[in-house]
Amino acid sequence: MDKALTFKHLFGPVPSRRFGRSLGVDLTPFKTCSLDCVFCQLGRTTLKTMERKEYVPVNEVVEEMDKWMRHHPGEASYITLAGSGEPTLHSRFGEIIEFAREYPKTPVALLTNGTTLHLPEVRLAASRADVVKITLSAWDQKSFKSIHRPQSNLKFKQVLEGEQLLREEFQGDIWMEVVILKGINSERDDVLRIAEIARSIRPDRIHLNTCVRPPAEDFASPVSHELLSELAGLFEPCAEVITEFRPDSSSTFTDNETAILDILRRRPCTAQEMAKLFGMHLNEVAKHLGRLTRTSAVQVRSGKHDKYYFVQNAKGNKNG
Ligand code: SF4
């Protein structure tokens, strides 16, 4: 479907409101993460860990990046370390950023949950990026545990201190994403507490989001665009509302979405099955499924271990 699909550790470029055409670099096996956020679009974490190691060989990533950049000059507006887990768990992610910097016209972004930033070597490696985007949607240990479900040794205070230290040491841009979930952290007082935490980190930009793609847990529900706009003013700097509500009014599907619909008309599938079938990265599949579910072209139901996507036929029965 796409030339990039032949790569093992790269995906996209994925259109992103924040990063334009973002070439994703995936440095961990599927859902290897220190958190298990209830809103995670990739489903539940399968390996919850704080162990840092070379999860994928650096030489393979670097070779792929070199090949991609030579074949697609100027096509990516950002090289983004993201993917299906926490990139800073990769013990050599700094070397990958360093290599990516050899393409000076393409800035490098690191998307992290911030849980390893208390380690000086992680902050040093992270500071080689042009932009570090952190995600934090809690304000204390209790909310951290219920929203982000961290690895058992992780403390909210430690994460916060790591992020504050990064701000002191890092000259580049820090962007912060806050995910607001209905009834979980959407009360004004909760958001005021998150805003206070955000102020102590002094990010350059704050993005307010909600779970617009099917989340890991059914109880994680989105709030309205209007509420996000109201809450944006509580942050300093004023938050930007980043959701994908608006473009969804279009009924035109991309080629990839049409292919997904064709499969789901025949049988229900999980996102992972579709990623495997199409050779697409799970992040891309999640993005397409988010759009397809929001336009009601595709429905979702929770199985025992996973979510299944299906197309409801005209009589209202599930296919498959
Ligand atoms: S949202 Fe990010 S930090 Fe949270 S579980 Fe998913 S991959 Fe990990």
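Procedures and definitions
- Residues numbered from 1 in each chain as written.
- Predicted model: local features only at pLDDT ≥ 70, side-chain atom pairs only at ≥ 80, totals over all residues.
- Heavy atoms only, no water.
- Domains from an automatic or database assignment.
- Contact = heavy atoms within 4.5 Å.
- Buried area = accessible area lost by both parts, 1.4 Å probe.
- Salt bridge = Lys/Arg side-chain N within 4 Å of Asp/Glu carboxyl O.
- Buried < 20%, exposed > 50% of the residue type's maximum accessible area, 1.4 Å probe, protein only.
- Helix = DSSP H or I, 4+ residues; strand = E, 2+ residues; numbered from the N terminus.
- Pairing = 2+ DSSP bridges.
- Lys, Arg positive; Asp, Glu negative; His and termini not counted.
- Phe/Tyr/Trp six-rings, centres within 6.5 Å; stacked < 30°, edge-to-face > 60°.
- Lys NZ or Arg CZ within 6 Å of the ring centre and 35° of its normal.

### Side note on the domain arrangement of the protein chain
How large an interface is tends to be reported as the accessible area lost when its parts come together. Partitioning the protein chain into structural domains gives domain 1 (3-243) and domain 2 (247-320). Computed from C-alpha atoms alone, the centre-to-centre distance between domain 1 and domain 2 is 25 Å. Taken together, the contact between domain 1 and domain 2 spans 19 residues of the former and 16 residues of the latter. Together, the buried faces of domain 1 and domain 2 total about 1,500 Å²; carbon and sulfur atoms form 56% of this surface. Seen at the junction of domain 1 and domain 2, the total is one salt bridge.

### Some words on the pairing of strand E5 (residues 78-82)
In terms of burial, E5 is a largely internal element, five of the five residues being buried. Residues of E5 alternate between two faces, with Tyr78, Thr80 and Ala82 on one and Ile79 and Leu81 on the opposite face, all of them buried. With five bridges joining them, strand E2 (residues 20-26) and E5 adopt parallel strand pairing. Counted as the bridge partner of Leu23 is Ile79 from E5. Alignment of E5 against strand E6 (residues 108-112), held across three bridges, turns out to be parallel.

### Section: the side chain of Lys31
When you line up the elements, Lys31 lands in the loop between E2 and strand E3 (32-33). Comment: no salt bridge for buried Lys31; closest opposite-charge side chain is Asp36, at 4.3 Å.

### Brief notes about the packing of aromatic side chains
Inspection of every chain in the model, using the stated rule, returns four aromatic pairs. Their ring planes at 20° and their centres at 5.2 Å tell us that Phe19 and Trp175 sit as a pair that is stacked. Highlighted residues: Phe19 in the loop between strand E1 (10-16) and E2 and Trp175 in strand E8 (residues 173-179), separated in sequence by 156 residues. Under the relative-accessibility criterion, Trp175 is labelled buried at 3%. Each member of the aromatic cluster is reached from another via a ring pair, and the members are Phe19, Tyr78 and Trp175. Between Arg205 and the ring centre of Trp175, over which it is positioned, the NZ or CZ distance is 4.5 Å.

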